[in-house]
Amino acid sequence: MIIKKDRMGALLGTLAQHKTVFVPALIDGVSKFAPYREGLDVRFDLHNTKLPPKDLLFPQTQKMYRYGETAEGGHYVEQFDESSERVLFGVRPCDMRSINLLDDVFLTKGFVDEFYEAQRKKLLTVCITCAAPAETCFCESMGLSPNEAPDADILLKSCEDCYKVTAQTQKGEAALADWRDFLEDTQAQVLPGKTSLRLNFEGVPQKLSRMYEDPIWDEISTKCLNCGTCTFVCPTCYCFDISQENKMKEGVRFRCWDSCMFSEYTAMAGWHNPRPTKKERVRNRFMHKLCFFEERYGKTLCVGCGRCVECCPVALDITRLIDDIGASDA
Amino acid sequence: MSDIQEAMRSRAKELLESGEVNAVIGWEAGRFENQTTPLITSQAAKTQRLVFNEYCVNNLGKYPRDLTAKGKVAIFARGCESRAIIRLLSDEVIKRENVYIIGIGCPGMRDRTTGELLKKCAECRHGDPVIYDEMLGEPQAKPATQERFAEIQKIEALPRAEREAYFTNAFSKCIRCYACRNVCPCCTCRQCFVDQRREGWLGKQNNIAENRFYGLTRVMHVGDRCIECGECERVCPMDLPLMSLNRKVIYDINNLFGEYETALSLDEPPSALTTYKVDDVEEFM
């Protein structure tokens, strides 16, 4: 089955009648996943959106519940459920993998995050393979392929002027019913993608586990600004902080993305901070990505999307760190 | 520029080997074509990695703040770095004897993907260092190709609703990564109001109201001390027009108190908004 590229607009229009369809789009100079509507600058040609799709499942600000006093002097607590039927359309294999990793965090190891779960169940994922990865893409070095996305409900393999369509899950199979008018039963030559940036990740997590006190952390953290850019553009950074806003006799409790780059992230009562300087914060971020997560979940928390490489104000480059550690004899 | 690069490497090596300085702040090549990244090193051998080319986009001027506690540092300084250092000195964040300034004339830096002159460099009025201990090469005397307040006058000419929409739109994109604050040589508060969670000046929610409150408070904190290096705007991952905010404050200071440009020398009067005089303009009173 294939769908011609010039039929994509019509398909999106049809799908958007029933569900909110999030597509990569350029809005005010920033690319991100946005709800499809007529006139939206849809960009399937971008390698990667600047902002990852994690916001769909794990919003930057998420209201959890509200509470207050009732007129009778009692109190109420009301949970928010802002989940809705959504399609994530045109996600790339690296971002698809990031959702698999977020699933591990929010749905396994004995605790289910109900906010995440509610939205995850209502999400259909349609992944497009990468025929031409960007210079900053290194997914292949992180054990992924730009040509596959095993977790996607529907996979679109990039061809010259069409996509080869495959349903990979029952959910995807069922969803294809709405696509029938746009599909053609013909063959097409798939354009395989290849990342040009290759790293030697072999053994890096094991080496890192012995490098907690290594001088490398002093060296690489010196130029870090400790801003949150890398963590906010990262598709797999999932830390959040819960706070509340009270007004008179009612309030809302919400959670927001937090960043391990911020000093306040680990600030404790009495102003003690177990990660007092940049060194500890930078070490934590890279250790978490490349070592701790591996130890807990057996997977690497970096998917090689290259966003942090692209966005870091001081070009503190995770790919160079991986190569340096790979080459060291720790 | 290759002559300068050679001179940088040998001077940095000498300074470290002689023990005159504890660390050197410059640039080295990044992994990608036309990419550079700050290089901060105490090892003489690593000075061979120093580069100077048209893609040295980072203003290194804030780094002395973090480094001078450990001893004297040498920094390669163009106009923007030198003014950042004056900022840190005037704000008493660092001491003059702890920083050795090696001046370099700047022809303006380019975007690594488009090859175009950076916006901040087109707007720059002081490419050559305004303070230095020694100079490598000649001053470049690069003129600003953008009129300083052209953008402000354009925005001010808009009807009120459009002006509001312009900034609302901008702040709707902000992800509050605080890169603008952390890169800024004027943002040197020991604790930023943003991080004063107990006082609760700023909520953690990402919404237009909080984002705008952050941006506007910051600009009022730094506006009169802004050295116009444009780093906030360069590092913003969401492309917010942050220099328009800073320049609006400077533009108003210009109109209210006379021609104003800060951090050009060490003996200038205190910043406009941190000084009070009985005959100050107080139109709102």
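Residues numbered from 1 in each chain as written. Chains lettered and ligands numbered in written order. Predicted model: local features only at pLDDT ≥ 70, side-chain atom pairs only at ≥ 80, totals over all residues. Heavy atoms only, no water.

A. Here's a closer look at the overall build of chain B. The helix and strand tally for chain B stands at 10 helices and five strands. Out of the 285 residues in chain B, the part that is buried amounts to 55%. Within chain B, contacts between residues separated by at least 24 positions form 69% of all contacts whose residues are at least 6 apart in sequence. A total accessible area of about 13100 Å² is found for chain B, and carbon and sulfur atoms account for 51% of it. Side chains of chain B give 39 positive and 42 negative charges; the mean places of these two sets differ by 6 Å. (Helix = DSSP H or I, 4+ residues; strand = E, 2+ residues; numbered from the N terminus. Buried < 20%, exposed > 50% of the residue type's maximum accessible area, 1.4 Å probe, protein only. Contact = heavy atoms within 4.5 Å. Areas by Shrake-Rupley, 256 points an atom, 1.4 Å probe, with all protein chains shown as cover. Lys, Arg positive; Asp, Glu negative; His and termini not counted. Charge placed at Lys NZ, Arg CZ, Asp CG, Glu CD.)

B. Structural context of the interface of chain B and chain A. Counting residues at the interface gives 39 residues for chain B and 42 residues for chain A. Roughly 3300 Å² is buried in total at the junction of chain B and chain A, and carbon and sulfur atoms are behind 50% of that figure. Considering only the side of chain B, the residues that lose the most area to chain A are R31(B), F32(B) and K204(B), jointly responsible for 21% of the buried surface there. At the junction of chain B with chain A, the criterion picks out 10 salt bridges. With a shortest N-O distance of 3.1 Å, D66(B) and K278(A) are connected by a salt bridge. (Buried area = accessible area lost by both parts, 1.4 Å probe. Salt bridge = Lys/Arg side-chain N within 4 Å of Asp/Glu carboxyl O.)

C. Quick peek at the sheet that holds strand β2 (residues 36-41) of chain B. Residue and element names in this part refer to chain B. As summarised here, the arrangement of the five strands in space is β2-β1-β3-β4-β5, forming an open sheet in which the pairing is mixed. In this open sheet, the two strands that pair with only one neighbour each are β2 and β5 (134-136). Going across the sheet, the axis of each strand differs from the next one's by a mean of 30°, ignoring polarity. (Pairing = 2+ DSSP bridges. Axes fitted to C-alpha atoms, helices over the stretch in contact; angles between N-to-C directions.)

D. Geometry of the domain arrangement of chain B. Residues and elements named next belong to chain B. Taken domain by domain, chain B consists of domain 1 (2-136) and domain 2 (150-274). Contact residues are listed per partner, giving 23 residues for domain 1 and 26 residues for domain 2. When the two sides are added together, the surface that domain 1 and domain 2 hide from each other amounts to roughly 2100 Å², 48% of it contributed by carbon and sulfur. Considering only the surface of domain 1 that becomes buried against domain 2, K62, R83 and R87 emerge as the three largest contributors, covering 33% of it. Viewed at the interface, domain 2 and domain 1 are joined by six salt bridges. Here K120 makes a salt bridge to E231, at a shortest N to O gap of 2.6 Å. (Domains from an automatic or database assignment.)

E. Broad picture of the packing of helix α2 (residues 93-107) of chain A against helix α3 (residues 114-121) of chain A. Residue and element names in this part refer to chain A. Closest axis-to-axis distance for the α2/α3 pair is 9 Å, and the angle between their directions is 140°. The angle between α2 and α3 falls in the class oblique. Between α2 and α3 lies a crossing whose hand is left-handed. Of α3, the residues touching α2 (which contributes I99, L102, D103, F106 and L107) are Y116, E117 and R120. Here the residues of the contact of α2 with α3 sort into five nonpolar, no polar and three charged. (Parallel < 35°, antiparallel > 145°, perpendicular 65-115°, else oblique. Left-handed = near helix turned anticlockwise from the far one by under 90°. Nonpolar A, V, L, I, M, F, W, Y, C, P; charged D, E, K, R; others polar.)

F. Up close: the pairing of strand β3 (residues 30-35) of chain A. In this structure, strand β2 (residues 20-27) of chain A lies alongside β3(A), joined through six bridges in antiparallel fashion. Bridge pairing links P24(A) to F33(A) in β3(A).

G. Seen up close, the sheet that holds β3(A). Residues and elements named next belong to chain A. The sheet built from seven strands is open, its strands ordered β1-β9-β8-β7-β6-β2-β3 with mixed pairing. Every interior strand has two partners, whereas the edge strands, β1 (2-4) and β3, have only one. When the angles between neighbouring strand axes are averaged without regard to direction, this sheet yields 25°. Note: strand β7 (residues 123-128) against strand β8 (residues 154-158), three bridges, orientation parallel. Following the sheet pairing, V126 is matched in β8 by I154.

H. Up close: the nonpolar core. Judged by nonpolar contacts, the single largest core of 147 residues is most densely connected at F138(A), L208(A), L290(A), I318(A), I322(A), W27(B) and F76(B). Lining this core are residues from two domains, each supplying at least three of them: domain 1 (2-136) and domain 2 (150-274) of chain B. Apart from residues lying up to four places away in sequence, L290(A) is in contact with M142(A), F201(A), P205(A), L208(A), T300(A), C302(A), I318(A), L321(A) and I322(A). (Core = buried A, V, L, I, M, F, W, Y, C linked by side-chain atoms within 4.5 Å.)

I. Representation of the packing of helix α6 (residues 160-173) of chain B against helix α8 (residues 208-222) of chain B. Residues and elements named next belong to chain B. Where α6 contacts α8, the two axes come as close as 9 Å, and the packing angle between them is 100°. On the basis of their axis angle, the class for α6 and α8 is roughly perpendicular. Where α6 abuts α8, its residues E164, T168, F171 and S172 lie against I208, N211, R212 and G215. The residue makeup of the contact of α6 with α8, split by class, is two nonpolar, four polar and two charged.

J. Region of interest: the environment of M220(B). All names here are of chain B. Within the secondary structure, M220 is located in helix α8. Each C-alpha atom of the pair M220 and V249 lies 7.5 Å from the other, and the pair is 29 residues apart in sequence. The residues touching M220, leaving out its near neighbours within four places in the chain, are V249 and L273.

K. Seen up close, the pattern of salt bridges. All names here are of chain B. Taken as a whole and assessed by the stated rule, the structure comprises 47 salt bridges over all chains. With a closest N to O distance of 3.2 Å, E54 and R110 form a salt bridge. Of this pair, E54 sits in the loop between β2 and α2 (63-67) while R110 sits in the loop between β4 (99-104) and α4 (119-123); the two residues are 56 residues apart in sequence, bridging distant segments of the chain. Residue E54 is classed as partly exposed on the basis of its relative accessible area of 28%. A salt bridge links E259 to R148; the shortest N-O distance between them is 3.8 Å.

L. Up close: the environment of D81(A). Residue and element names in this part refer to chain A. Structurally, D81 can be placed in the loop between β5 (75-79) and β6 (86-91). The exposed category is assigned to D81, whose relative accessible area is 53%. Between the C-alpha atoms of D81 and Q62, which are 19 residues apart in sequence, the distance is 9.8 Å. The residues contacting D81, other than those within four sequence positions of it, are A118 and K122.

M. How the structure looks around helix α1 (residues 8-15) of chain A. Residue and element names in this part refer to chain A. Among the residues making up α1, those that are buried are M8, L11, L12 and L15. Each buried residue of α1 sits inside an arc of 100° when the element is viewed along its axis, so together they form one side. Buried positions along α1 lie against β1, β2, β6, β7, β8 and β9 (162-167). (Arc of directions from axis to C-beta.)

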